[in-house]
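Breakdown of the fold
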Amino acid sequence: MLKIEKIEKTFNKGTVNEKIALCGVSLTLEDGDFATVVGSNGAGKSTLFNAIAGSFFPDSGIIELDGKNITFTPEHVRSREIGRLFQDPLMGTAPNMTIEENLSVAYLRASKGQKGIFSRTGKKEKQFFREQLALLNMGLEDRMENPVGLLSGGQRQALTLLMATVVTPKILMLDEHTAALDPATAEKVMDLTKKIVRDRKITCLMVTHNMHQALDAGNRTLMMDGGRIVFDVKGERRSGMTVDDLLRKFAENAGAQLDNDRILLSN
Amino acid sequence: MSDFLTVGIVQTALEIGLIYSLIALSLFISYSILNICDLSTDGCYTLGSAVGAMVTIAGHPLLAIPAAMLSGVCSGFVTALLQTRFGVESILAGIIVNTGLYTINLAVMEFSANVSIFGTDTVFSIVKNISENEVWQNWSKLILLAVIIALICFAIHWFLGTRLGLSIRATGDSPAMVRASSINPAFTITVGLCISNSFTGLAGCLIAQYNKSTNITIGTGMVTIALASLVIGETISGKRKMPVRIACVVFGSCLYRFIISLALRLNVPTEAFKLVSALIVAVALIAPNAKQKIALQLRKRAQG
């Protein structure tokens, strides 16, 4: 369970560039929740993700993960329990390392110091990686010795998804992870995401600009504006909502139209 | 062999090339693998040679090797500490350490600019005295160096395949991925720089024992030479697998020394050597780019 209490973050405090990125965001995600997050650019979605991941520490407020206060836990320690995908498919993988080596690095999270730092990727692990890769249905299991830089954006993003979930994370954060892919590939990666999240019952937060997806995927939808969560819907109310309803809600809560041309009204 | 290139010249070029390849391997780890410009090389090399020389003079030529490597580790640790803990830009961290090391090196050499190793054994003389055989007497230095470098190359290759080694590679290859996968970049950078600088220290120690002397300016411009060797090696190896890349770095270093030997034979004055070095580096750096441009021009011409 992720519990965020009144976190605030202001960038460039006291200068002309002062930007209040998060102003008192509170959010509780139950185990197994899959929440989609919508909002225009600068609404604070990515800042919220960065705060949860520990890329910076909030000015005030508390972040708890499974009852443990992680507000000031360093990023690399948190990432043992938090899986993360970025919009840019190039960001989540190391291009000059092979698929197998990338997975080995991601799999480091599994060995909490039980295995020595000088140990190597064993046969058992290679077999495990191969099985996991086969689930992606992209033929990557036969290319484990290839550098990741040779893969397409979609393949890399699928691999990143696998790396983020190879050790089941307590939360998976997806920051528009299909936005840079072509529609067919995006759908494939999205289907994979849904499958993995469902099968492993992973608690998940996903930013999307696709309004259809925002209502279609997951069981909860959050809307952000000006560093606040302005709308939070789940259950029956959500299943009855249409894209138009969502856009109207946005206009009500934010007092403005969604003016982002990247927002897609349908699939 | 012709008169122009005697066996002796080739042999010396190989010997020095192998010693310098340690610095190239050091930069291979910091520059190619970790993607960090570590400019403390000059000072660290001198430190290694100063420590190596002093311990050798004290009568411990074998102990000099781990001592010099340890001094390199310390230097690398400080460079890493500055950039990981205190947020100093990596280039500046290297320059600061390099500057500070000048005084430390002088102190190690008991504040004299030159130190000579006479009257005591060196690792080279110890190995040479194993056999009276004439061939062995002539070639023992080269064989010893080849064995040391081969061991180091194997060690690097083995290490880069371990969990820690993979983490270090990932740190240089994709910072975003590292942040998302429980690796502490501060730790991997520190380990990487300690290892790379230990090789620089070792190179300093070997050159001191090889020349039976050292001086405070021995490291000047060493980073350029090592970079030249590295770039030559990387240009040859391209994007091949790790063992090939490591071997090519060593080969690049030997090739570089070979070019320098040629320049020597062509009676290029020693004052012009730094310029020759710089030119070789420039050519090595330009080569891959020029190759592409020429290929493009040829394609254009073929079309039109």
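So, a few notes on the structure that sits alongside this text. (Residues numbered from 1 in each chain as written. Chains lettered and ligands numbered in written order. Predicted model: local features only at pLDDT ≥ 70, side-chain atom pairs only at ≥ 80, totals over all residues. Heavy atoms only, no water.)

Examining the interface of chain B and chain A
Facing the 22 residues of chain B at the interface are 32 residues of chain A. Summing both partners gives a buried area of about 2400 Å² for chain B against chain A, and 57% of it is carried by carbon and sulfur. Our enumeration of links across chain B and chain A arrives at 3 salt bridges. One salt bridge connects Glu75(A) with Arg179(B), and the closest N-O pair in it is separated by 4.0 Å. The interface formed by chain B and chain A holds 12 residue pairs in polar contact (both at pLDDT 80 or more) in total. Counting residues per element, the ones that place at least two in the side of chain B that touches chain A are helix H6 (134-161), helix H7 (163-173) and helix H8 (175-179) of chain B. (Contact = heavy atoms within 4.5 Å. Buried area = accessible area lost by both parts, 1.4 Å probe. Salt bridge = Lys/Arg side-chain N within 4 Å of Asp/Glu carboxyl O. Polar contact = N/O pair within 3.5 Å; in protein donor to acceptor, adjacent residues only side chain to side chain. Helix = DSSP H or I, 4+ residues; strand = E, 2+ residues; numbered from the N terminus.)

Here's the deal with the sheet that holds strand S3 (residues 34-38) of chain A
Residues and elements named next belong to chain A. The 6 strands lie next to each other as S6-S7-S8-S3-S9-S10, forming an open sheet whose pairing is mixed. The sheet is open, and its two edges are formed by strand S6 (82-85) and strand S10 (228-234), each paired on a single side. For this sheet the average axis-to-axis angle between neighbouring strands, irrespective of direction, equals 15°. As paired strands, S3 and strand S9 (residues 220-225) are joined by 4 bridges and run parallel to one another. Considered in S9, the bridge of Val 37 is made with Leu 222. Against the sheet, helix H5 (residues 153-165) makes contact with S6 and strand S7 (171-175), and its axis sits at roughly 170° relative to S6, the strand it touches most. (Pairing = 2+ DSSP bridges. Axes fitted to C-alpha atoms, helices over the stretch in contact; angles between N-to-C directions.)

Notes on the nonpolar core
In terms of nonpolar packing, the biggest core is built from 74 residues, with Tyr20(B) and Leu206(B) touching the most fellow members. Among the elements that line this core, the one with the most residues is helix H1 (residues 7-33) of chain B, at 12 residues. One finds Val105(A), Val148(A), Leu172(A) and Ala170(B) within the second-largest nonpolar core, a separate group that totals 41 residues. (Core = buried A, V, L, I, M, F, W, Y, C linked by side-chain atoms within 4.5 Å. Buried < 20%, exposed > 50% of the residue type's maximum accessible area, 1.4 Å probe, protein only.)

Examining the pattern of salt bridges
Residues and elements named next belong to chain A. Here the structure, examined in full by the defined rule, presents 17 salt bridges over all chains. In this structure, the salt-bridge partner of Asp 59 is Lys 13, at a minimum N-O distance of 3.9 Å. Pair noted here: Asp 59 is in the loop between helix H1 (45-53) and strand S4 (60-65) and Lys 13 is in the loop between strand S1 (2-11) and strand S2 (19-29), with a separation of 46 residues, a long-range link. Asp 59 gets classed as partly exposed once you look at its relative accessible area, which sits at 38%. With a closest N to O distance of 3.2 Å, Asp 199 and Lys 195 form a salt bridge. Residue Asp 199 and its partner Lys 195 are both found in helix H6 (residues 183-200); the two are separated by 4 residues, about one turn of the helix.

A closer look at helix H9 (residues 185-211) of chain B
All names here are of chain B. Taking 1.5 Å as the rise per residue, H9 with 27 residues should run 39 Å; its terminal C-alpha atoms sit 39 Å apart, in good agreement. For H9, a buried count of 23 out of 27 residues is recorded, marking the element as mostly surrounded by other parts of the structure. The positive-phi residue at the C-terminal boundary of H9 is Lys 212, with phi of around 55°. (Expected span 1.5 Å × (residues − 1).)

Everything listed here is a matter of coordinates, which is why it stays silent on function.
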